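Listed below, chain by chain, are the residues.
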Amino acid sequence: MYGEEREACDREREEVRRVLSNVSNILLNGCDLILDRTFDRIGFNRIDDEVFRKLVKARLAYPTSKAATVEYLKNHFDEDVDLSKIYRYLDKLSDHQHEIVQDISVRHTAKLFGGNIGVLFYDVTTLYFEADYEDDLRKTGFSKEGRHSNPQIILGLLVSLGGYPLVYCIRR
């Protein structure tokens, strides 16, 4: 590069150096950058909630327990998310955002398959809980594991041919 092009490039480099010299703490994570774009492209950004974004990205990058997710977010992104906040958020997701998440998932999958989802698989199973008492969701009943005295739920899952989860349903 010569002349004006070279001068413009040098000015740009100097501007970048000036800006970066004023930044005291930068934390860049390639996984975070990739997952942010993926999150937005799928359409999950319709849900304007930073806790939801953090939980989805952490689950994709490091699928583990909720407690380990708190540690992952702290160690890799310097994010302090309280474990009780995650549990409260999951209640919110169950109550208010469940249908939106499923709509986004189905629309994205249809887009991936050119608008046509040709084959779907649906499976139903029961999950029991090591608890003594029923509540509004968990009820005692038939259990294929022989846990008839334990409260349980029925879980249904609809997936695409490639195993991409589309919709789930929990019943008592």
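Shown above is the structure to which this text applies.
Residues numbered from 1 in each chain as written. Predicted model: local features only at pLDDT ≥ 70, side-chain atom pairs only at ≥ 80, totals over all residues. Heavy atoms only, no water.

S.K.: Would you explain the overall build of the chain in this entry?
M.R.: Looking only at helices and strands, one finds five helices and three strands in the chain. Here the C-alpha atoms of the chain give a radius of gyration of 23 Å, more than 25% beyond the 16 Å that 2.2 N^0.38 yields for 172 residues. Across its three principal directions, the C-alpha atoms of the chain cover 80 × 40 × 25 Å. For the chain, the proportion of its 172 residues judged to be buried stands at 26%. Contacts in the chain between residues far apart in sequence, at least 24 positions, make up 49% of those at least 6 positions apart. Total accessible area on the chain stands at roughly 12,500 Å², and carbon and sulfur atoms take up 53% of it. Here the chain holds 25 positive side-chain charges and 29 negative ones, and the gap between their average locations is 3 Å. (Helix = DSSP H or I, 4+ residues; strand = E, 2+ residues; numbered from the N terminus. Rg over C-alpha atoms; globule rule 2.2 N^0.38 Å. Buried < 20%, exposed > 50% of the residue type's maximum accessible area, 1.4 Å probe, protein only. Contact = heavy atoms within 4.5 Å. Areas by Shrake-Rupley, 256 points an atom, 1.4 Å probe, with all protein chains shown as cover. Lys, Arg positive; Asp, Glu negative; His and termini not counted. Charge placed at Lys NZ, Arg CZ, Asp CG, Glu CD.)

S.K.: Help me out: how do you make sense of the layout of surface pockets in this one?
M.R.: If a probe the size of a water molecule is rolled over the atoms, the empty space left behind becomes visible. If you add up the space inside the largest pocket, you get close to 1,500 Å³. Looking at the largest pocket, it is lined by 38 residues, and the ones nearest its centre are Arg59, Leu90, Leu93, Val101 and Tyr168. Per element, the largest residue contribution to the lining of the largest pocket is 11 residues, and it comes from helix α5 (residues 83–112). Of the residues contributing to the lining of the largest pocket, the split by class is 25 nonpolar, seven polar and six charged. (1 Å grid on protein atoms, 1.4 Å probe; cavity = no way out; pocket = protein on both sides within 12 Å on 5 of 7 lines; lining within 4 Å. Points joined across faces, edges and corners; volume = space filled by probe spheres on them. Nonpolar A, V, L, I, M, F, W, Y, C, P; charged D, E, K, R; others polar.)

S.K.: What's the story with the packing of helix α2 (residues 30–42) against helix α3 (residues 50–61) in this structure? I'm lost.
M.R.: Axes are the key here: two packed helices are described by the angle between their axes and the distance separating the axes. At a minimum axis separation of 10 Å, α2 and α3 run at an interaxial angle of 115°. Like other packed secondary-structure pairs, α2 and α3 cross with a definite hand, here right-handed. On α3, the residues that touch Cys31, Asp32, Leu35, Asp36, Phe39 and Asp40 of α2 are Phe52, Arg53, Val56, Lys57, Leu60 and Ala61. Residues belonging to the contact of α2 with α3 are distributed by class as follows: seven nonpolar, no polar and five charged. (Axes fitted to C-alpha atoms, helices over the stretch in contact; angles between N-to-C directions. Left-handed = near helix turned anticlockwise from the far one by under 90°.)

S.K.: Help me understand helix α4 (residues 66–77) in this model?
M.R.: Each α-helix winds once per 3.6 residues, and so residues spaced three or four apart point in a common direction. With 12 residues, α4 should cover 16 Å at 1.5 Å per step; its first-to-last C-alpha distance of 16 Å lies within 8% of that length. Among the residues of α4, those classed as buried are Thr69, Val70, Tyr72, Leu73 and Phe77. Buried residues of α4, seen end-on, are gathered within an arc of 160° and therefore sit on one face of the element. Looking one or two residues beyond α4, the residue adopting positive phi is Asp78, at roughly 55°. (Expected span 1.5 Å × (residues − 1). Arc of directions from axis to C-beta.)

S.K.: Quick question: what am I supposed to make of the pattern of salt bridges here?
M.R.: When the charged atoms of two side chains lie near each other, side chains of opposite charge can form a pair. Here the structure, examined in full by the defined rule, presents 11 salt bridges. Across the pair Asp36 and Arg53 runs a salt bridge whose closest N-O atoms are separated by 2.6 Å. Residue Asp36 is located in helix α2, and its partner Arg53 is located in helix α3; the two are separated by 17 residues in the primary sequence. Owing to a relative accessible area of 22%, Asp36 belongs among the partly exposed residues under this scheme. Relative accessible area serves as the criterion here: at 14%, Arg53 is assigned to the buried category. As a salt-bridge pair, Glu79 and Lys54 come within 2.7 Å of each other at their nearest N and O atoms. A residue pair is termed long-range when its members are at least 10 positions apart, and Glu79 in the loop between α4 and α5 and Lys54 in helix α3 qualify at 25 residues. One salt-bridge network, in which partners are shared between bridges, spans Asp36, Asp40, Glu50, Arg53 and Lys57. (Salt bridge = Lys/Arg side-chain N within 4 Å of Asp/Glu carboxyl O.)

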